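Spelled out, the chains give:
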Amino acid sequence: MASEEGIRLRAIRTKVADTDATTAGRDAYDGEIGQEMEPVTPAGRMFMQPNLSCCIVCIIGFKNGINVAAMKKGLEETIVQHKRFSSVMKQDENGSKYWVRTKVNIDDHIVVPPASAINPESSNKIEDYAAELALALPFDQSRPLWELHILNVKSADAAASAIFRIHHSLGDGISIMSLFLASTRSVSNPISLPSVQPLSTEGLNSNERRAGSMYYYFSLFRWTCITIWCTLVEVGKFLLLLLGVKDSQTPLKGSIGVGRLAKSISTANIGLDDMRIVKNAVGGTVNDVFLGIVSSGIRRYLQQHADKLAIHSSNNQGNHPVYGGTKEAVAARISIQDKCIDVLRIRATSLVNTRTQPGLPGGSQARWGNSIGYVLTPLCMKKHDDPLDYVRKAKETIDRKKCSLEAIFTYWSAQLILKLVGAEAAVNMSYNALVHTTLALSNMIGPLEEAMFFGNPITDIVPTVFGQPQALCIHLQSYMGKAKLVVTVAKDIIPDPDILLQHIVYSLEDMKQAACARTH
């Protein structure tokens, strides 16, 4: 996810009276308050529906205590200047919804909780406070749909923390992370923006791209055929999901209404270098390793909770008249449990950036909003003796996804359905599809170097989402050459997220050992 040579985010310029035009983090705006109207994107309209009302929550850890007054001033000069963070949603006489600029009172968006709101006995007091925001009152729609909670409370990784709560209708993770990073500065060079992961330059080589090259045309024809086939296959699987093909019922599977349940957040630091060792061993990517360790970790978790799986008692060899309670009975029971887990259907949904420019966009010309499509990703539950096989299987799955246009299909089909039948019907269709899956996955890149937000160095970044109709959401966030693994669960469904998190971490350790053993 990172490399030796990083690229620099461009500062987003803005044009606002009586302010410094070079201030980073602002979006271009040349109108007066209340005059500029911009249509709400189809995805934004869907996220405003009660069934699919989601919020992006991000914990930012700081090395030093937070000066509340300085934070307010910095926000007013940067993020508040962005049109989404200074607009409210209005509806015209035809029922169309628009973003309309309004005057922002920064005090309406800053929350400094009293000491009594934070449990001093908790070892994860910041995560616990953030998790409680899942049950917070809905946003006041007469104001821009965001807020920042400031906690001058020490945690394991930070002297203080700030928690952004942003309604998903404002934009997707790519948009919001890009704006946030454009409001930061590099600690090593305070006049520069922090460097981020360079974009991939993979593709046909110069000989293959020559206009008159027969190999070029052959490769193009081959790529087109593969894309068409993979798209048909993956879209077909997605249509089966819409028709009601559900995931297997497991201790991780939620049901209707799970998005409104109380949440719990668990985090762990893992090394990007460890992930690179594994990816190099299988010739894959960090995304392949991420999916592989999640698959392996979930399988381990289900093995530990095998007694909760829907295993028919007629197949329970533990009470077999021959085996009785002997070692053979235990071995037979474990074998049956393994076979049952092997055939479980567990799928993840991932939101994929559909912009023509990959990675984190920069500059005022970057397309803002929810430019995202869904990708349905099956997890390998089959038991493998070689831990690296989970990553190889993940690589096969992701390679097929890369060759398909599934994300673009789901993005444009959602817009078409919304126009034909309206937001409520479109949301009900999307909700019924998502609730049939087990979890949501997300992988977000961050700066390669230490960054600071209004002069205060950032120690870590912890993102998550509340409101999706799944009991389990797993994020991977990179920052400063490290990665933060974030597991968010519905507490009533998954009461032990720390155990699941440890299984995922142990899976990476086993894969690293297997990869290192092959190089010696």
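What counts as what
Residues numbered from 1 in each chain as written. Predicted model: local features only at pLDDT ≥ 70, side-chain atom pairs only at ≥ 80, totals over all residues. Heavy atoms only, no water. Core = buried A, V, L, I, M, F, W, Y, C linked by side-chain atoms within 4.5 Å. Buried < 20%, exposed > 50% of the residue type's maximum accessible area, 1.4 Å probe, protein only. Helix = DSSP H or I, 4+ residues; strand = E, 2+ residues; numbered from the N terminus. Contact = heavy atoms within 4.5 Å. Phe/Tyr/Trp six-rings, centres within 6.5 Å; stacked < 30°, edge-to-face > 60°. Lys NZ or Arg CZ within 6 Å of the ring centre and 35° of its normal. Pairing = 2+ DSSP bridges.

Q: Please provide a residue-by-residue account of the nonpolar core, values included.
A: Counting residues in each nonpolar core, the largest one holds 56 residues, and the members touching the most others are Leu75, Leu148, Phe164, Phe180 and Phe453. Among the elements that line this core, the one with the most residues is helix 4 (residues 173-182), at six residues. Setting aside its immediate chain neighbours within four residues, phenylalanine 164 contacts Ile56, Val57, Cys58, Ile60, Leu75, Ile79, Glu147, Leu148, Phe180 and Phe453. Phe290, Val294, Leu441 and Ile474 belong to the second largest nonpolar core, which has 50 residues in total.

Q: How would you explain the packing of aromatic side chains if you had to name every residue and give the values?
A: Overall, the coordinates contain seven aromatic pairs when judged by the stated rule. Considering the side-chain rings of phenylalanine 85 and tryptophan 146, the 5.7 Å spacing of their centres and the 55° angle between planes classify their relative orientation as tilted. Here phenylalanine 85 is found in the loop between helix 2 (68-77) and strand 4 (87-91), whereas its partner tryptophan 146 is found in strand 7 (residues 146-151), with 61 residues between them in sequence. A residue is classified by how much of its surface remains accessible, and tryptophan 146, at 1% relative accessible area, is buried. Ring pairs connect the aromatic residues Phe62, Phe164, Phe180, Phe453 and Phe454, which therefore count as one cluster. Across from the ring centre of phenylalanine 139, 4.1 Å away, lies the NZ or CZ of arginine 165, which sits over that ring.

Q: Mind laying out the pairing of strand 12 (residues 347-353), listing which residues take part and the relevant values?
A: In the sheet, strand 12 pairs with strand 13 (residues 372-378) via seven bridges, with the strands oriented antiparallel. Looking at the pairing, alanine 348 lines up with threonine 377 of strand 13. Relative to strand 14 (residues 439-444), strand 12 runs parallel, the two sharing three bridges. Counterpart to threonine 349 in the pairing with strand 14 is alanine 440.

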